[in-house]
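In case you want the letters, here they are:
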Amino acid sequence: MEKFVYVDNSATTKLTKEVLNEMMPYLNEYYGNASSNYLLGIKSREAIQKARNKVANAICVSADEIYFTAGGSEADNMIIKGIAMANKDRGKHIITTSIEHLAVLNTCMYLEKEGFDITYLKVDKNGRIDISELENSIREDTILISVMFVNNEIGTIEPIEEIGKIAKKHNVYFHTDAVQAVGNITIDAKKLNIDALSMSAHKFHGPKGVGAAYISENIVFSNLINGGHQECGRRAGTENVAGIVGMGKAIEIATKNIEEKENKIRMIRDYLYKKLLKLDCRVSVNGNFENRVAGNLNVCFDGIDNNNMLLILDMNGICVSIGSACNSNVAVPSHVLTAIGCDTKRASSSIRFSLGDQNTLDDVEYIVYVIEKNLDILKK
Ligand SMILES: *Cc1c(COP(=O)(O)O)cnc(C)c1O
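Residues numbered from 1 in each chain as written. Predicted model: local features only at pLDDT ≥ 70, side-chain atom pairs only at ≥ 80, totals over all residues. Heavy atoms only, no water.

**Focus on the sheet that holds strand E9 (residues 283-285)**
One open sheet holds the three strands; their spatial order is E9-E10-E12, and the pairing between them is antiparallel. This sheet does not close on itself; its edge strands, each paired only once, are E9 and strand E12 (350-354). Recorded for the sheet is a direction-independent mean angle of 30 degrees between the axes of neighbouring strands. Where strand E10 (residues 296-301) and E12 come together, five bridges link them in antiparallel fashion. Across the sheet, Val 299 pairs through a bridge with Ile 351, a residue of E12. (Pairing = 2+ DSSP bridges. Helix = DSSP H or I, 4+ residues; strand = E, 2+ residues; numbered from the N terminus. Axes fitted to C-alpha atoms, helices over the stretch in contact; angles between N-to-C directions.)

Below, the structure is given as structure tokens:
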């Protein structure tokens, strides 16, 4: 029984054939610069516009509110720094959470050094912020609330609708890092009162190195990257045409039949948890199953070192993660697990399985088989 099972879809996802096929012409025959005024350039321009419409449709906003970037991290930086710099005369207070992705956390820490005041909201044991604590944190000089849609380590879905209402009531901009949500959850950004949102193509079977920032037309923001007039002068640089085309195709596929996909993934995820609970080892979930994205299962295997577990799984062709991908080379416990009250011991016994639409019940059987077979070694 030798298989390859990829259950690390929160780190990245596989580029699908359909997406690759859509991209290919823009990597060879249609190589025109989208700013050029002959047919070859216009082809690229039109392809970008088509992709922009698809991205906008996926989150129910207008196409001229979408700016393509080089990924989720850039979108987070563009939005947070852009809003902070352009609105600092109104106030220098920003509210975020203690469990954000580093692209948001480190951007906020950078702004702190630049004289901004940041409130990092605590979360409960399931990773959710407290809405009244958020509302009580709003001050006269608060300009921005930045709360992630779905946490990348424990899968918690934050109370986005309630946050949107509060932000609107207090006239504060609301940004959400939706990198783990787009393609997994249906999003209507306008209905949720979201003013700005970040996403990344490689998290929904698109190519790496391309993402988008949705920034509502009523928002004043400064540019992160200055230069040419691309993206309405808001994000300079010759466009990554093939990447953008791939993102458009990928988001179109990912947002089709989301509920059906969610149900299938949740069923497989729950099956995996059920099987893990039967192992001769104490297994428990970090956070709970309420308000959690369908594919995430972050579990603690009592008394087992997660590095050893990762190694054994890898030797058997199974890809999982401990902490988040960006943190996993560092020997400090994950800031997310720490924030929900896990001690170092628990954090160092925790594994994140993140399932996607390509996973099957057979994959689950194989994962459980491999763990069971190696349980004695793992316990030592
Ligand atoms: C992956 C991820 C990012 C970073 O996106 P990149 O495209 O890899 O830069 C940001 N936020 C969250 C929640 C993520 O999961």
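**Points about empty space enclosed by the protein**
Enumeration according to the criterion identifies two cavities of 30 Å³ or more in this entry. Considered as a void within the structure, the largest cavity measures approximately 290 Å³ in volume. If you trace the largest cavity, you find 23 residues lining it, with Asn 9, Asn 184, Lys 203, Leu 355 and Gly 356 closest to the centre. With three residues, the top contributor of residues to the lining of the largest cavity is helix H8 (residues 258-277). Grouping the amino acids of the lining of the largest cavity by side-chain chemistry returns eight nonpolar, 11 polar and four charged. Residue assignment places the lining of the largest cavity across two domains, with domain 1 (5-14 + 257-379) and domain 2 (17-254) each supplying three or more. Of the volumes computed, that of the second largest cavity is approximately 30 Å³. In terms of lining residues, the second largest cavity is bounded by Ala 58, Ile 59, Val 182, Gly 183, Ile 185, Thr 186, Ile 187 and Thr 255. (1 Å grid on protein atoms, 1.4 Å probe; cavity = no way out; pocket = protein on both sides within 12 Å on 5 of 7 lines; lining within 4 Å. Points joined across faces, edges and corners; volume = space filled by probe spheres on them. Nonpolar A, V, L, I, M, F, W, Y, C, P; charged D, E, K, R; others polar. Domains from an automatic or database assignment.)

**Description of the pairing of strand E2 (residues 66-69)**
Along a regular strand, successive side chains alternate from one face of the sheet to the other. Alternating positions in E2 separate into two faces, Ile 66 and Phe 68 on one and Tyr 67 and Thr 69 on the other, with burial throughout. Where E2 lies against strand E8 (residues 211-215), four bridges are found, and the strand directions are antiparallel. Bridge pairing in E8 links Thr 69 to Gly 211. (Buried < 20%, exposed > 50% of the residue type's maximum accessible area, 1.4 Å probe, protein only.)

**Points about the packing of aromatic side chains**
Given two aromatic rings, one states the distance between the centres and the angle between the planes to describe the pair. For the structure shown, the criterion picks out four aromatic pairs. Geometrically, the ring pair formed by Tyr 273 and Phe 289 is tilted, given 5.0 Å between the ring centres and 55 degrees between the ring planes. With Tyr 273 in helix H8 and Phe 289 in the loop between E9 and E10, this residue pair connects regions lying 16 residues apart in the sequence. Looking at Lys 92, its charged tip hangs above the ring of Phe 116, at a distance of 5.2 Å from the centre. Here the guanidinium or amino end of Arg 234 rests over the ring plane of Phe 221, the centre of that ring lying 3.7 Å away. (Phe/Tyr/Trp six-rings, centres within 6.5 Å; stacked < 30°, edge-to-face > 60°. Lys NZ or Arg CZ within 6 Å of the ring centre and 35° of its normal.)

**Thoughts on the sheet that holds strand E4 (residues 117-121)**
Reading across the sheet, the seven strands line up as E2-E8-E7-E6-E5-E3-E4 and stay open at both edges, with mixed pairing between neighbours. Of all the strands in the sheet, just E2 and E4 have a single pairing partner and so form its edges. Averaged over all neighbouring strand pairs, the angle between strand axes comes to 20 degrees, with direction disregarded. Sheet contacts for helix H4 (residues 102-113): strand E3 (93-97), E4, strand E5 (142-146) and strand E6 (173-177); angle to E4, the most-contacted strand, approximately 145 degrees. (Contact = heavy atoms within 4.5 Å.)

**Section: the pairing of E6**
When you tally the buried positions in E6, you get five out of five residues, the bulk of the element. When E5 meets E6, the two strands line up parallel, connected through three bridges. By the bridge assignment for E6, Leu 144 is matched with Tyr 173. Handedness of the β-α-β unit built from E5, helix H6 (residues 160-169) and E6 comes out right-handed. Bridge analysis of E6 against strand E7 (residues 196-200) gives three bridges, and the strand direction is parallel. Following the sheet pairing, Asp 177 is matched in E7 by Ser 198. (Right-handed = clockwise from strand over helix to strand, strands pointing away.)

**Digging into the packing of helix H9 (residues 306-315) against helix H12 (residues 361-379)**
At a minimum axis distance of 11 Å, the contact between H9 and H12 shows a crossing angle of 135 degrees. Looking at the two axes, H9 sits oblique to H12. As for how H9 packs across H12, the hand of that crossing is right-handed. Here Asn 308, Met 309, Ile 312 and Leu 313 of H9 come into contact with H12, specifically with Val 370, Ile 371, Asn 374, Ile 377 and Leu 378. (Parallel < 35°, antiparallel > 145°, perpendicular 65-115°, else oblique. Left-handed = near helix turned anticlockwise from the far one by under 90°.)

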